[in-house]
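Tertiary structure, described
Residues per chain are reported as follows:
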Amino acid sequence: MAIAALHPSPPVAVADGVRQVHAVLDRCERAADLSGQAASVLIDDVDRAVTRLQALKLDLVAAVDRADLASDSGMTGTAAWLAARSRTDGATAAKEVRLATALGEGLRATRAALAEGRLSTEHAHVIARTAHQLPAGVDDAERASIERSLVAVARRVDPVALRKAARRALASAQRSQAEVDAHEEAVLRAEEEQALAATKLTLHDNRDGTITGHFTVPTLAGQILKKVIQQIASPRRFAQRAAQDARARAAECGSDLSDARVAEATWARFRAEGLDWSQKYGHAFVELLEHLPTDHLTGKVNATVLVTLDHERLAAGLGAAHLDTGHDVSASEARRLACGAGLVPAVLGGQSQVLDLGRGQRFFSEAQRVALALTYDSCAADGCDRPYAWTEQHHEDAWAWGGSTDLHKAVPLCGYHHRRIHDASYHHSVAREGPRKRVTFVKRP
């Protein structure tokens, strides 16, 4: 081993290396024959290998672009050339060319991490875009510091979380709080303007009793629609209506149904619909359209949005505001929303909304749900990224066993993990990490 370290293997030509990769893959046993455990161990290594090959491809694309081979082939540009060669769409090819160019012109830390397979191409896209958006006054040393910081963050989080962190990239260059806020505001406003410019709706009459449509809207508008649709299609909403119907029919027959029998009948009806989730959401969309108010079309948005934002930032119009859907908007957009939609205040409590209900009420109130949205933007289960708006409030100390319906005892869990926490085949533990709680699960032997 020591001799090998002193005398490393000579580099292999790129073409020979690629051929060797194909040859090794041809000799590999079938992955389908591996056990689940054996396959799970290899996932990370395979993912890293794929990323390293993607980094190699980007280097090749940059070389092709520098040589301007596209014009020699009669193509309009490298993106068109790449789309034809890789049999992909133009938008994807253009995105790859932009990243290849950015890596070729700088971003050494990102390029090295990508070549090592330590971050994905999606992470690299975020870093490249962030570097492009930095103010003109940022010097080379600050740019390098910001890039190294983002690469370090990228090794721990997914691209979505990295994108959020990147908006405050100037903090890595030791810039003032005001400069960081102003830059974040500028980035969000640019994204919102681009989103609005890309907004469109098309409808096509299929002449068979249906209309097919396609739309592109800003994330905020889409999140509001998504939240409403999911609430309408929620099994809990269906269960409430079905339970009422079941009890009414039982009363007509002079009998009484237990809660267990009502629940069994309710879920049987829900499953008997025979619809997949896309169809359920489609039916919910129809219900929403058929009940849209048409008498006050210029009125406020028919949705309550919780916006978390420091008062100073709201007044100054700088920085980012956080919504309970997990989406961020600029401070200026939050100020616009304040004129057109009901905003729930971040300071809760007092005489108007009671946050601690004790034993007097079993279910957590809307005021408590809103209060928890200030702390959580996702399910409390470890590793779950389902947004807070999807969660249900779980009693840390079971209400049936004497637990209280107090705010500090609430644990927001998505439907999947709420069912899991009541599954006797799993052991769960709740740990507090700062203001949040984290729930972990272990299957019992």
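Keep in mind that this is a model prediction, so the values were computed, not measured.

Quick notes on the rules
Residues numbered from 1 in each chain as written. Predicted model: local features only at pLDDT ≥ 70, side-chain atom pairs only at ≥ 80, totals over all residues. Heavy atoms only, no water. Helix = DSSP H or I, 4+ residues; strand = E, 2+ residues; numbered from the N terminus. Buried < 20%, exposed > 50% of the residue type's maximum accessible area, 1.4 Å probe, protein only. Phe/Tyr/Trp six-rings, centres within 6.5 Å; stacked < 30°, edge-to-face > 60°. Lys NZ or Arg CZ within 6 Å of the ring centre and 35° of its normal. Salt bridge = Lys/Arg side-chain N within 4 Å of Asp/Glu carboxyl O. Core = buried A, V, L, I, M, F, W, Y, C linked by side-chain atoms within 4.5 Å. Contact = heavy atoms within 4.5 Å. Expected span 1.5 Å × (residues − 1). Bend = angle between axes of the 7 residues up to and from the residue. Pairing = 2+ DSSP bridges. Patch = residues over 30% accessible without salt bridge, like charges linked within 9 Å, V, L, I, M, F, W, Y side chains within 5 Å. Areas by Shrake-Rupley, 256 points an atom, 1.4 Å probe, with all protein chains shown as cover. Disulfide = S-S within 2.5 Å. Axes fitted to C-alpha atoms, helices over the stretch in contact; angles between N-to-C directions. Parallel < 35°, antiparallel > 145°, perpendicular 65-115°, else oblique. Left-handed = near helix turned anticlockwise from the far one by under 90°. Nonpolar A, V, L, I, M, F, W, Y, C, P; charged D, E, K, R; others polar. Lys, Arg positive; Asp, Glu negative; His and termini not counted. Polar contact = N/O pair within 3.5 Å; in protein donor to acceptor, adjacent residues only side chain to side chain. pLDDT = per-residue confidence, 0-100.

**Side note on the overall build of the chain**
Regarding its fold elements, the chain presents 19 helices and 10 strands. For the chain, buried positions account for 31% of its 445 residues.

**Considering unusual backbone geometry**
Despite not being glycine, Asp68 shows a phi value in the positive range, around 55°. Tracing the sequence through the fold places Asp68 in the loop between helix 3 (36-67) and helix 4 (69-72).

**As for the packing of aromatic side chains**
For the structure on display, the rule yields 1 aromatic pair. When the ring of Trp277 is compared with that of Tyr281, the centres are 5.6 Å apart and the planes differ by 40°; the resulting orientation is tilted. Separated by 4 residues within a single helix, Trp277 and Tyr281 lie in helix 15 (residues 277-290), roughly one turn from each other. Residue classification places Trp277 among the partly exposed residues on the basis of a relative accessible area of 40%. When the ring centre of Tyr426 is taken as origin, the NZ or CZ atom of Arg420, which lies over that ring, is 3.9 Å away.

**Let's talk about the pattern of salt bridges**
All chains considered together, the criterion is met by 15 salt bridges. Note that Arg438 and Asp382 form a salt bridge whose closest N and O atoms lie 3.5 Å from each other. Linking Arg438 in strand 10 (residues 436-443) with Asp382 in the loop between helix 18 (366-372) and strand 7 (392-395), this pair joins segments that are 56 residues apart in sequence. Taking the relative accessible area as the measure of exposure, Arg438 reaches 28% and is therefore partly exposed.

**Considerations on the nonpolar core**
Within soluble globular proteins, side chains that are nonpolar generally end up buried alongside one another. Core analysis: the biggest nonpolar cluster contains 35 residues, and Leu114, Leu119, Ile146 and Leu162 have the highest contact counts within it. If you list the elements that add at least two residues to this core, you get helix 3, helix 5 (78-86), helix 6 (90-105), helix 7 (108-115), helix 8 (121-133), helix 9 (140-154) and helix 10 (159-166). Beyond its immediate chain neighbours, meaning those up to four positions away, Leu119 contacts Thr51, Thr110, Ala113, Leu114, Ala124, Ile127, Val151 and Ala154. Counting residues in hydrophobic clusters, the runner-up holds 15 residues, among them Phe364, Leu372, Tyr376 and Tyr388.

**Re helix 3**
With 32 residues, helix 3 extends 46 Å between its outermost C-alpha atoms, agreeing within 8% with the 46 Å of an ideal straight helix rising 1.5 Å per residue. At Ile43, helix 3 shows its largest bend, some 35°. Along helix 3, the residues that are buried comprise Thr51, Ala55, Leu58, Val61, Ala62 and Val64. Against helix 4, helix 5, helix 6, helix 7 and helix 8 lie the buried residues of helix 3. Positive backbone phi, approximately 55°, marks Asp68, located one or two places after helix 3.

**A word on the pairing of strand 2 (residues 211-216)**
Direction of pairing for strand 1 (residues 200-205) relative to strand 2: antiparallel, over a ladder of 6 bridges. Across the sheet, the residue bridging to His204 is Thr212, located in strand 2.

**Focus on a nonpolar patch on the surface**
A contiguous nonpolar patch, built from Leu201, Leu203, Ile211, Phe215 and Val217 and spanning about 510 Å² of accessible area, is present on the exposed surface. Elements represented by at least two residues in the nonpolar patch include exactly strand 1 and strand 2. Among the structural elements, Val217 can be located in the loop between strand 2 and helix 12 (219-233). The class of Val217 is partly exposed, set by a relative accessible area of 32%.

**Quick notes on the environment of His214**
Within the secondary structure, His214 is located in strand 2. We classify His214 as partly exposed; its relative accessible area is 47%. As for His214 and Thr202, which are separated by 12 residues in sequence, their C-alpha atoms are 5.3 Å apart. If we skip the residues at most four places from it in the chain, His214 touches Lys200, Leu201 and Thr202.

**Some remarks on the state of the cysteines**
What makes a disulfide is a covalent bond joining the sulfur atoms belonging to two cysteines. Applying the stated criterion to the full structure yields 0 disulfides. Counting only cysteine sulfurs, Cys379 is the nearest neighbor of Cys414, a cysteine outside any disulfide, at a range of 3.9 Å. The class for Cys414 is buried, based on a relative accessible area of 1%.

**Some details on the packing of helix 8 against helix 9**
Helix-helix packing: each pair is described by the crossing angle between the helix axes and the interaxial distance. With their axes 10 Å apart at the nearest point, helix 8 and helix 9 run at an angle of 155° to one another. Compared by their axis directions, helix 8 and helix 9 come out roughly antiparallel. You can see that helix 8 and helix 9 cross each other, and the crossing is right-handed. Judged by residue contacts, His123, Ile127, Thr130 and Ala131 of helix 8 engage Arg143, Glu147, Leu150, Val151 and Ala154 from helix 9. A per-class count over the contact of helix 8 with helix 9 returns 5 nonpolar, 2 polar and 2 charged.

**Things to note about the packing of helix 8 against helix 10**
Contact geometry for helix 8 and helix 10: axes closest at 9 Å, N-to-C directions at 15°. For the element pair helix 8 / helix 10, the angle class is roughly parallel. Of the two elements, helix 8 crosses helix 10, and the hand of that crossing is right-handed. In this structure, helix 8 contributes Glu122, His123, Val126, Ile127 and Thr130 to the contact, and helix 10 contributes Pro159, Leu162, Arg163 and Ala166.

**Some details on the side chain of Glu147**
Structurally, Glu147 is set in helix 9. Look at Glu147: it is buried, it has no salt bridge, and the nearest opposite charge is Arg148 at 6.9 Å. Here Thr110 takes part through its backbone nitrogen, which lies 2.7 Å from a polar atom of the side chain of Glu147. Sequence-distant contacts of Glu147, that is, excluding residues within four places in its chain, are made with Leu107, Arg108, Ala109, Thr110 and Ile127.

**A look at the confidence of the model for the chain**
With 73% of its residues at a pLDDT of at least 70, the chain reaches an overall mean of 78. For the stretch residues 296-303, pLDDT sits under 50, and the model shows 5 contacts to residues farther than four places along the chain or on other chains.

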